[in-house]
Amino acid sequence: MTEQKIFDVIIIGGSYAGLSAAMALGRSLRSTLVIDSGQPCNRQTPHSHNFLTQDGKRPAEIALTGRRQVEQYPSVQFHDGLAVLGTQKNGGFEITVGSGASFWGKKLLFASGIKDEMPDIPGFAACWGISVVHCPYCHGYEFRNRKTGLMANGERALHMASLIRNLTADLTIFTNGDADFTDDQLHRLKARQIAIIEQPVSEILHQNGHLDSLLLQDGNMLELDALYASVPFVQHCPIPESLGCILTEQGHIQVDQLQKTSVTGVFACGDNVSPMRSVANAVASGNFTGAIINKELVEHTDTL
């Protein structure tokens, strides 16, 4: 059977945001292609939390259930592969995948997420999403009242510490070098009995991703149950920038209130546009974006 090549909408990214948008578009009878490389950022996380009706389920289980439900809509198709090139063509967008195949769509939606850049600390990547985590809303309850660390500095550390301290009284900030706090900030941290360690972290000791302790550069070790870390990120997919989509100062794709990027006809939703990284937020933004894209397609056809 010949693979369809022309679509109303091409979605790059088939995780929570992309699947949610595809469902909204499929229910609107829009011919939709979802291109997915199968590398979600939470693939190492054992359980997903803070998502109503799905609390505690494995992320892969939620995504598989979503895909099976979306596959029931005949107008939605899937291509398992990596989108490697995007160009504006014939009033729409042509997307080329790793196999060399190309597809054309009237509208383009990036639900491709972001890629965390791990520090060069042995054990960090192995623990990421398991006991080295990014979000107190996603993971904090499970580590409540436990020995907890926070690897961050400055204003970011102060913000995160205020959220984490609400969940545990045993919190230590690791600045991984000279601390960058004002006198007032130091006073506030001390008042909450939050310790600060400036010695760089040399290694994270763990058992199958479950943290045992941090080894510091001076040889000291500190036992921990969990470590929150603020790490830099890049866009998982480089195509938005190559098309001319503007990024924010933080590195997210810039969108307006309707999830439209700076390039006409290109939309974005999910983790690649928002600092609120959660499954629930991704699903909500995908559902909304799918509806907006359908509305725009309706407005550009002479059906009435």
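Residues numbered from 1 in each chain as written. Predicted model: local features only at pLDDT ≥ 70, side-chain atom pairs only at ≥ 80, totals over all residues. Heavy atoms only, no water.

Caption draft 1: Quick look at helix 5 (residues 154–164). Of the positions making up helix 5, those classed as buried are Gly154, Ala157, Leu158, Met160, Ala161 and Ile164. Those residues of helix 5 that are buried lie in contact with helix 4 (136–139), strand 9 (148–151), strand 10 (171–174), helix 6 (183–191) and strand 15 (226–229). (Buried < 20%, exposed > 50% of the residue type's maximum accessible area, 1.4 Å probe, protein only. Helix = DSSP H or I, 4+ residues; strand = E, 2+ residues; numbered from the N terminus. Contact = heavy atoms within 4.5 Å.)

Caption draft 2: Inspection of the packing of aromatic side chains at higher detail. Counted according to the given criterion, the structure contains 2 aromatic pairs. With centroids separated by 5.6 Å and ring planes inclined at 20°, the aromatic side chains of Phe124 and Trp128 adopt a geometry described as stacked. Summarising the burial analysis for this pair, Phe124 and Trp128 share the class buried. A cation over a ring is seen here: Lys5 above Phe103, with NZ or CZ 4.9 Å from the ring centre. Positioned above the aromatic ring of Phe78 is the side chain of Arg67, whose terminal nitrogen or guanidinium carbon lies 4.2 Å from the ring centre. (Phe/Tyr/Trp six-rings, centres within 6.5 Å; stacked < 30°, edge-to-face > 60°. Lys NZ or Arg CZ within 6 Å of the ring centre and 35° of its normal.)

Caption draft 3: The state of the cysteines, seen in detail. Using the criterion set out here, one finds 0 disulfides in the structure. Of all cysteine sulfurs in the structure, the one in Cys245 sits closest to Cys269, which takes part in no disulfide; the separation is 13 Å. (Disulfide = S-S within 2.5 Å.)

Caption draft 4: Spatial organisation of the packing of helix 1 (residues 16–26) against helix 8 (residues 279–299). Helix 8 packs onto helix 1 with a crossing angle of 35° between their chain directions and a minimal axis gap of 7 Å. In the crossing of helix 1 with helix 8, the sense of the turn from one axis to the other is right-handed. Counting all contacts with helix 1, which are made through Tyr16, Ala17, Ser20, Ala21, Ala24 and Leu25, the residues of helix 8 involved are Val279, Ala282, Val283, Gly286, Asn287, Gly290, Ala291, Ile293 and Asn294. Tallied by class, residues from the contact of helix 1 with helix 8 come to 10 nonpolar, 5 polar and no charged. (Axes fitted to C-alpha atoms, helices over the stretch in contact; angles between N-to-C directions. Left-handed = near helix turned anticlockwise from the far one by under 90°. Nonpolar A, V, L, I, M, F, W, Y, C, P; charged D, E, K, R; others polar.)

Caption draft 5: The sheet that holds strand 12 (residues 201–207), seen in detail. Across the sheet, 3 strands lie side by side as 12-13-14; this open sheet has antiparallel pairing. Looking along the sheet, the strands with just one partner apiece sit at the ends: strand 12 and strand 14 (221–223). With direction set aside, neighbouring strand axes in the sheet form an average angle of 25°. Of the strand pairs in this sheet, strand 13 (residues 210–216) and strand 14 are connected by 3 bridges, and their pairing is antiparallel. (Pairing = 2+ DSSP bridges.)

Caption draft 6: Looking closely at the nonpolar core. With 24 residues, the main nonpolar core has Ile11, Leu109 and Ile293 as its most contacted residues. Of all the elements in the fold, those that place two or more residues in this core are strand 1 (6–12), helix 1, helix 2 (59–70), strand 3 (76–80) and helix 8. Broken down by element, the residue count for this core peaks at 6 residues, all from helix 1. Discounting chain neighbours no more than four positions away, the residues touching Leu109 are Ile10, Ile11, Ile12, Ala21, Phe267, Ala268, Cys269, Thr289 and Ile293. With 22 residues, the next largest nonpolar core counts Phe110, Cys245, Val266 and Ala268 among its residues. (Core = buried A, V, L, I, M, F, W, Y, C linked by side-chain atoms within 4.5 Å.)

Caption draft 7: Molecular detail of the pattern of salt bridges. All chains considered together, the criterion is met by 12 salt bridges. Of the charged contacts, one joins Arg67 and Glu71 as a salt bridge, the two residues approaching to 3.0 Å between their closest N and O atoms. Here Arg188 ties to Asp184 by a salt bridge, and the two come within 3.5 Å at their closest N and O atoms. Linking Arg188 with Asp184, this pair stays in helix 6, spanning 4 residues, or about one helical turn. Here Asp184 falls in the partly exposed class, since its relative accessible area comes to 46%. Connected through salt bridges with shared partners, the residues Arg67, Glu71 and Asp80 form a single ionic network. (Salt bridge = Lys/Arg side-chain N within 4 Å of Asp/Glu carboxyl O.)

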